[in-house]
Amino acid sequence: MNARDVFKPFLMRIEQITEEAPDVRTLRLVFQNEDEGRGFIFRTGQFGEYSVFGEGECTFCIASSPTRQGYIECTFRKAGRVTSALAALETNETVGFRGPYGNVFPIDQWQGRNLLFIAGGIALPPMRSVIWNVLDLRDRYRDVTIVYGARTVADLVYKRELQEWAGRDDVKLVTTVDPGGETPDWQGEIGFVPAVLDKLAPASHDTVAVVCGPPVMIKFTFPVLARLGFAPGDIYTTLENRMKCGVGKCGRCNTGKHFVCKDGPVFTFAQLQEMPQEY
Amino acid sequence: METEKRSIQREALAKLIEQWCREGKRVLAPRKSGDKVDFDRVTSLSEVSFDHVQTVQSPKSAVFPRVEELFSFRSADGQVEVRDRELDILPETVVFGLRPCDAAAFAALEAIFNWDAPDRLFTARRARTTLVAVACSRADEYCFCTSVGGGPGAVAGSDILLTDLGQGEFLAEIASAKGREMLQAADSLFGPALDADKESRLAKPAAVFAADAVAAVLAGLFADTAFWEEQSRRCVGCGACAYVCPTCACFDIQDEGGASGKRLRCWDSCGFGLFTLHTSGHNPRPLQSQRWRQRLMHKFSYMPERQGVLGCVGCGRCSRGCPVDMNILEHLRAIAEARP
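Since the structure is predicted, the reported quantities are computational estimates derived from the model, not experimental observations. (Residues numbered from 1 in each chain as written. Chains lettered and ligands numbered in written order. Predicted model: local features only at pLDDT ≥ 70, side-chain atom pairs only at ≥ 80, totals over all residues. Heavy atoms only, no water.)

What follows is about the overall build of chain B. Regarding its fold elements, chain B presents 10 helices and 12 strands. Rg of the C-alpha trace for chain B: 21 Å, near the compact-globule value of 20 Å for 340 residues, within the 12% margin. In terms of principal-axis extent, the alpha carbons of chain B reach across some 65 × 65 × 40 Å. The 340 residues of chain B split such that 57% are buried. Contacts in chain B between residues far apart in sequence, at least 24 positions, make up 73% of those at least 6 positions apart. When the accessible surface of chain B is summed, it comes to about 14,500 Å², and 49% of that surface belongs to carbon and sulfur atoms. Charged side chains of chain B number 42 positive and 45 negative; the gap between the two group centres comes to 2 Å. (Helix = DSSP H or I, 4+ residues; strand = E, 2+ residues; numbered from the N terminus. Rg over C-alpha atoms; globule rule 2.2 N^0.38 Å. Buried < 20%, exposed > 50% of the residue type's maximum accessible area, 1.4 Å probe, protein only. Contact = heavy atoms within 4.5 Å. Areas by Shrake-Rupley, 256 points an atom, 1.4 Å probe, with all protein chains shown as cover. Lys, Arg positive; Asp, Glu negative; His and termini not counted. Charge placed at Lys NZ, Arg CZ, Asp CG, Glu CD.)

So, about the sheet that holds strand β1 (residues 10–21) of chain A. All names here are of chain A. Read across the open sheet, the six strands follow the order β4-β3-β6-β1-β2-β5; overall the sheet is antiparallel. Two strands lie at the open edges of the sheet, namely β4 (56–61) and β5 (72–77), each paired on one side alone. Each neighbouring strand pair of the sheet contributes to a mean axis angle of 40°, computed without reference to strand direction. As paired strands, β1 and strand β2 (residues 24–31) are joined by eight bridges and run antiparallel to one another. Across the sheet, residue Gln16 finds its bridge partner in β2, namely Arg28. (Pairing = 2+ DSSP bridges. Axes fitted to C-alpha atoms, helices over the stretch in contact; angles between N-to-C directions.)

Quick look at the domain arrangement of chain B now. Residues and elements named next belong to chain B. Assigned domains within chain B: domain 1 (4–201) and domain 2 (211–337). Placing the centre of domain 1 and that of domain 2 at their C-alpha centroids yields a distance of 25 Å. In this complex, domain 1 contributes 44 residues to the contact, which on the side of domain 2 involves 41 residues. Looking at the side of domain 1 facing domain 2, the largest losses of area belong to Phe73, Tyr142 and Phe144, adding up to 19% of the total buried there. Our enumeration of links across domain 1 and domain 2 arrives at four salt bridges. One salt bridge in this structure joins Lys262 and Glu69, with 4.0 Å as the shortest N-O distance. At the surface where domain 1 touches domain 2, the tally comes to 22 residue pairs in polar contact (both at pLDDT 80 or more). (Domains from an automatic or database assignment. Buried area = accessible area lost by both parts, 1.4 Å probe. Salt bridge = Lys/Arg side-chain N within 4 Å of Asp/Glu carboxyl O. Polar contact = N/O pair within 3.5 Å; in protein donor to acceptor, adjacent residues only side chain to side chain.)

Residue and element names in this part refer to chain A. Strand β8 (residues 144–150) sits mainly inside the fold: seven of its seven residues count as buried. Both faces of β8 are covered, namely the face carrying Val144, Ile146, Tyr148 and Ala150 and the face carrying Thr145, Val147 and Gly149. Relative to strand β9 (residues 172–177), β8 runs parallel, the two being bridged by six bridges. What sits directly across from Ala150, in β9, is Val177.

A few words now on the pairing of strand β3 (residues 36–41) of chain B. All names here are of chain B. Here strand β2 (residues 26–33) pairs with β3 via six bridges, running antiparallel. Along β3, the bridge assignment pairs Pro30 with Phe39. In this antiparallel pair of consecutive strands, β2 and β3, the connection spans two residues, and Gly34 shows a positive phi of 65°.

What follows covers the pattern of salt bridges. Side chains that carry opposite charge are capable of pairing whenever their charged atoms lie near each other. Under the criterion given, the structure shown has 46 salt bridges over all chains. Linking Arg120(B) and Asp5(A) is a salt bridge whose minimum nitrogen-to-oxygen distance equals 3.4 Å. In this pair, Arg120(B) is assigned in helix α3 (residues 120–127) and Asp5(A) in the segment before β1, connecting two distinct chains. Classification of Arg120(B) as partly exposed rests on a relative accessible area of 22%. A salt bridge links Glu278(A) to Arg293(B); its shortest N-O distance comes to 3.0 Å. Here Arg293(B) lies in helix α8 (residues 288–307) and Glu278(A) lies in the segment after α8 (269–274), a pairing that spans two chains. Linked through salt bridges whose partners overlap, the residues forming this network are Arg28(A), Glu73(A), Arg128(A) and Glu161(A).

Here's what the structure looks like:
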């Protein structure tokens with residue numbers, strides 16, 4: 001038994017740091033050991049445990065697409081002890097990474113259908129992985145619509161990519177900021193994501209919806225999607241319970257009989273309706 | 001494996017413990033310290049307590065230490081070197097004198113730590129651990145092994161189970177390959193099987209509820225907020241129940257020692273509000289009643305369904321250790337009798 005210790009992180013080099021918004025940055029990480037990098041395979045929707053040695057670990061989705069090989073990316077907001085330490089690291093410094101963990105967005109099953117992505121605030125990163133994944137396989141899907149909102153214009157993450165998506169004729173992008181969060185030159189919508197979605201009223205026929213956002217946004221978005229005729233089994237989200245181990249042992253993410261780290265983080269609204277609301 | 005019956009005299013048992021120590025094994029056994037009995041390292045039989053009902057702490061720390069170093073690391077100039085734990089230096093361990101309920105608890109720990117991704121440190125420690133249990137001649141009002149599939153003389157989980165037959169004589173039931181290996185290494189210390197009535201020597205804790213009835217009722221009780229508030233009204237969220245529990249395995253992972261330090265795994269408890277608290281301030285289980293519910297649901301509903309094993313062996317430690325006298329037996333009886 002020479003299996004790798006599940007708690008032993010891969011050593012990653014920070015190749016690139018991108019400032020996304022106040023206190024929000026993206027790290028591009030490459031494997032220091034090239035053999036480990038070559039053996040590493042993940043699918044969109046999966047997550048990992050990122051660590052600063054001496055500070056601890058924290059859990060984020062992998063924010064890059066598996067179609068972009070040779071690196072992984074994570075986007076985080078500086079909030080607690082570990083994320084503050086992560087934010088203090090510079091290019092070429094070392095980050096620990098364990099993963100990939102959890103289930104995936106079933107993008108194979110979505111082939112030939114319309115895709116509607118709805119995200120709020122710092123919850124765009126998990127969505128960014130799957131968005132780039134389907135855009136890199138664009139001919140397999142029909143209409144792609146992205147609705148993304150943040151509190152203020154400054155809080156919108158991936159601004160360069162938002163511009164790129166806005167410029168594509170095979171993507172419909174709607175961005176919004178909370179009332180009062182707009183700047184004088186703001187061209188997008190003003191309003192909360194559920195309200196903007198309601199106004200946009202995308203067709204539910206043969207469409208898969210993916211929703212990621214703070215709990216309050218999700219809570220008010222599901223009823224809108226239901227009114228628009230989306231079946232609970234066609235609405236996907238990714239849960240963000242607190243985790244430590246990522247492999248179904250430490251007990252933190254246990255929600256009903258489910259472990260978000262093993263059975264999730266991707267769930268359909270139909271599955272959530274069967275689960276206790278402990279997420 | 002069929003259980004092989006032998007016998008052993010008290011004097012021979014003393015020699016057996018000395019032999020284990022000579023072989024370099026770490027022997028952990030119940031030992032009296034003041035008015036408490038707890039597992040500690042012993043080198044002779046005279047140090048071992050036999051007349052207690054149950055130890056304060058469970059023997060789980062033999063395989064799942066309260067604080068365990070997962071690995072150490074050295075950082076310099078932004079570069080990090082990770083050093084694995086050396087598994088070869090983990091001690092061969094005999095847990096002696098644990099109760100049958102405690103021996104049964106190892107199955108629950110194995111189910112958790114080996115679920116899907118095997119836990120390397122746990123597995124290494126478990127492989128080096130042999131369980132020589134002593135059957136219970138006494139029980140107290142907190143014991144309920146017979147309600148959760150165990151018994152005061154149950155062999156399951158033990159490598160060897162000893163039953164005190166009086167007059168310094170013990171029945172020895174050899175119940176596993178490890179137990180047989182242990183017997184073979186000291187065969188001359190063991191006598192032939194005795195024609196003795198084991199049952200008459202055992203405590204008789206009453207079966208109070210049926211564990212499968214609890215599991216069946218729990219599913220329908222989840223949403224009964226008032227029921228859980230009533231159940232947990234006294235709970236102060238101290239986590240003592242999880243710390244003394246032989247099957248509780250929830251843990252935290254923390255770094256210690258700065259940039260050249262260690263990554264540690266530490267015991268944790270679902271009874272703590274911090275357990276599930278997000279950095280954002282959002283908490284999926286903000287109420288103690290929800291955390292108490294989680295404790296019982298996890299042990300009696302989720303674990304049987306997901307891992308095929310109950311998360312409780314009826315040792316009663318959580319009730320004995322509770323600072324506000326919550327008796328889990330009463331709570332489980334109330335659940336078994338609830339009609340949601």
